[in-house]
Amino acid sequence: MTQTLSCDVLVVGGGPAGCAAAYWSAQQGRDVLLIERSSHPRERACGDALTPVAVGELIAMGCDPLVARWHLHRGLRITAHGQSLEVLWPQDAQWPSYGAVVRRPRLDALMFARAQAAGARTLTGTEVTAPLISDGHLRGCHGFARQSSDGGCGELTALARYVVIADGPRSSFGRALGTVRTRTYAQGLAMRAYYPTPRHAEPWIESVFALTDSGGEQLPGYGWVFPVGDGTANVGIGLLSHHYGNEAISLEGLFEQWTQQIPDRWEIDADGPGSPPVGGRLPMGGSVRPRSGPNWVVVGDAAGSVNPWNGDGIGPALATGRLAAEVIGHALDADDGLMLRGYETALASRWERYHHLGRLTTRALGRPGLMRKLTQLAIRSPRMGDLAMRVSTDLLQSRTGPLGSRGVYRAAAGMARLWRDRT
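If you're wondering where the values come from, they're calculated on a predicted model, not measured in any experiment.

Student: Would you mind showing me how to read the sheet that holds strand β4 (residues 71-73) here?
Tutor: Two pairing modes exist for strands in a sheet, parallel and antiparallel, and in both the strands are linked by backbone hydrogen bonds. Ordered by their spatial adjacency, 3 strands build an open sheet running β3-β7-β4, and the pairing between neighbours is antiparallel. Both outer strands of the open sheet, β3 (49-50) and β4, are each paired with one neighbouring strand and no more. Across 3 bridges, the pairing between β4 and strand β7 (residues 99-101) is antiparallel. Its bridge partner being in β7, His73 is matched across the sheet by Gly99.

Here you go:
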């Protein structure tokens, strides 16, 4: 027998983007159903570091890192060419002046609990198998509950007025509705593992630009060490998926190479990881289109919203989830599905220039020599290091004056085009 559920807002996927959409929709008093195929806690391939942007979004949801006692960091240490530069998070921003590091199982479980506390109904251990389409219109979804939170199991049908698609980078639900990743845009490739370290409570997260190919050419990516505060550090690499002439790169081989280059100050035994490395692909820079339909929107990794500068997916996931809830709320209030057109408009207003510049830059970074030149410039100048940190973590929006976002975007876009077009 098939169980049938009805709601105003159906959210497919219980990661950061889906939980944010469910939380903010429930806060508006909407009838929300959140379906997640896994059960919490669950592991995810993630760097675990939250920027001030992500922390600000979490605080707004009632997930305060100070209360949760997550490990806090005060800035970013940039390391390249044998030098390091420590850059504090902005003190003049609209966001908190600190970031946090928390393992994904803890983060996801807390966010899921916040969505429940706001009034969202939830189903875990429930696989969404296909969209429910009638007369050419999305009506909800079909699913199968293997081990749901309410103890039920078996087939189910969820009927909804609006659907939020938050099922991750592969997004089978979105693909069934016609969403497509633009393959000319670079993807991120990432791999991480946890290593014991006595420096687990360091107040800095560190990005090390030391990834090279077999010819010694610096690759467009970086290694990281993010102290978790629990006796370990999250150690990983992030790399762009195409290099414009560079050789094919084995992510596993590059990760092993990187672990032999971890700065000595972390006192990490490269041969003693506390967990096996795991990796994944990151659709970046708004690479998925369309991101909305007559009664559905796509958020987070499913929308390709990962930051193209640094591979951060949590901040954009939280922000797009919140934005989706706002737009759907307007549509419900007006009883007008055409209001969902505002979602694409809002995404463009908030991220289009940033993503456009990111795409230009990722294309340019594949040119031999550019990555090395840029890291040399950033590491030798505190002013340039601060600007690089602000750009890469999407904190430019807090700046005004000649170094405000508009001026920087124009100047950087021109430079990126010049380097991209050089032969």
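Student: Please clarify how the layout of surface pockets should be interpreted in this entry.
Tutor: Over the atoms, a rolling probe the size of a water molecule traces out where space has been left empty. Taken as a whole, the second largest pocket encloses approximately 270 Å³ of empty space. Around the second largest pocket sit 21 residues that line it, and Val53, Glu57, Ala319, Arg350 and Trp351 are the ones nearest its centre. Those elements that provide at least two residues to the lining of the second largest pocket are α2 (52-60), α7 (314-334) and α8 (341-365). Grouping the amino acids of the lining of the second largest pocket by side-chain chemistry returns 8 nonpolar, 7 polar and 6 charged.

Student: Where do I start with the pattern of salt bridges in this structure?
Tutor: Two side chains with opposite charge may pair up if their charged atoms get near one another. Applying the stated criterion across every chain yields a total of 20 salt bridges. In this structure, the salt-bridge partner of Glu36 is Arg42, at a minimum N-O distance of 2.7 Å. Glu202 is the partner of Arg77 in a salt bridge, and the nearest nitrogen-oxygen pair spans 3.3 Å. Of this pair, Arg77 sits in strand β5 (residues 75-80) while Glu202 sits in the loop between β13 (187-196) and β14 (204-209), placing them 125 residues apart in sequence. Residues joined in a network through salt bridges with shared partners are Arg77, Glu86, Arg199, Glu202, Glu206 and Arg265.

Student: Mind showing me how you'd approach empty space enclosed by the protein here?
Tutor: Scanning the entire structure with this criterion turns up 1 cavity of 30 Å³ or more. Lining the largest cavity we find Gly286, Arg291, Ala303, Ser305, Thr320, Leu347, Trp351, Glu352 and His355. With 4 residues, α8 is the largest single contributor of residues to the lining of the largest cavity.

Student: What is the right way to look at the pairing of β5 in this model?
Tutor: Burial analysis of β5 places 6 of its 6 residues in the buried class, which makes it a mostly covered element. Inspection of the sheet shows β5 paired to strand β6 (residues 83-88) by 6 bridges, in the antiparallel sense. When the sheet's bridge partners are listed, Thr79 is paired in β6 with Ser84. Joining the antiparallel neighbours β5 and β6 is a turn of 2 residues, in which His81 adopts a positive phi near 55°. In this sheet, β14 lies alongside β5 in parallel orientation, the contact comprising 6 bridges. Of the residues in β14, the one forming a bridge with Ile78 is Ser207.

Student: Which parts of the structure should I look at to understand the pairing of strand β2 (residues 32-35)?
Tutor: The two faces of the sheet receive side chains in turn, since in a regular strand these alternate between them. The alternating pattern of β2 places Val32 and Leu34 on one face and Leu33 and Ile35 on the opposite face, and all of these are buried. Two elements, strand β1 (residues 3-12) and β2, share 4 bridges in a ladder whose sense is parallel. Each bridged residue has a counterpart across the sheet, and for Val11 the counterpart in β2 is Leu34. With helix α1 (residues 16-27) bridging β1 and the parallel β2, this β-α-β connection has right-handed handedness.

Student: Can you help me understand the confidence of the model for the chain in this one?
Tutor: Detailed reading of predicted coordinates is not advised where the pLDDT is low. Chain-level statistics for the chain give a pLDDT mean of 90 and a share of 90% at 70 or above. Scored below 50 in pLDDT, residues 399-403 makes 8 contacts in the model with residues more than four places away or belonging to other chains.

Rules behind the numbers
Residues numbered from 1 in each chain as written. Predicted model: local features only at pLDDT ≥ 70, side-chain atom pairs only at ≥ 80, totals over all residues. Heavy atoms only, no water. Pairing = 2+ DSSP bridges. Helix = DSSP H or I, 4+ residues; strand = E, 2+ residues; numbered from the N terminus. 1 Å grid on protein atoms, 1.4 Å probe; cavity = no way out; pocket = protein on both sides within 12 Å on 5 of 7 lines; lining within 4 Å. Points joined across faces, edges and corners; volume = space filled by probe spheres on them. Nonpolar A, V, L, I, M, F, W, Y, C, P; charged D, E, K, R; others polar. Salt bridge = Lys/Arg side-chain N within 4 Å of Asp/Glu carboxyl O. Buried < 20%, exposed > 50% of the residue type's maximum accessible area, 1.4 Å probe, protein only. Right-handed = clockwise from strand over helix to strand, strands pointing away. pLDDT = per-residue confidence, 0-100. Contact = heavy atoms within 4.5 Å.

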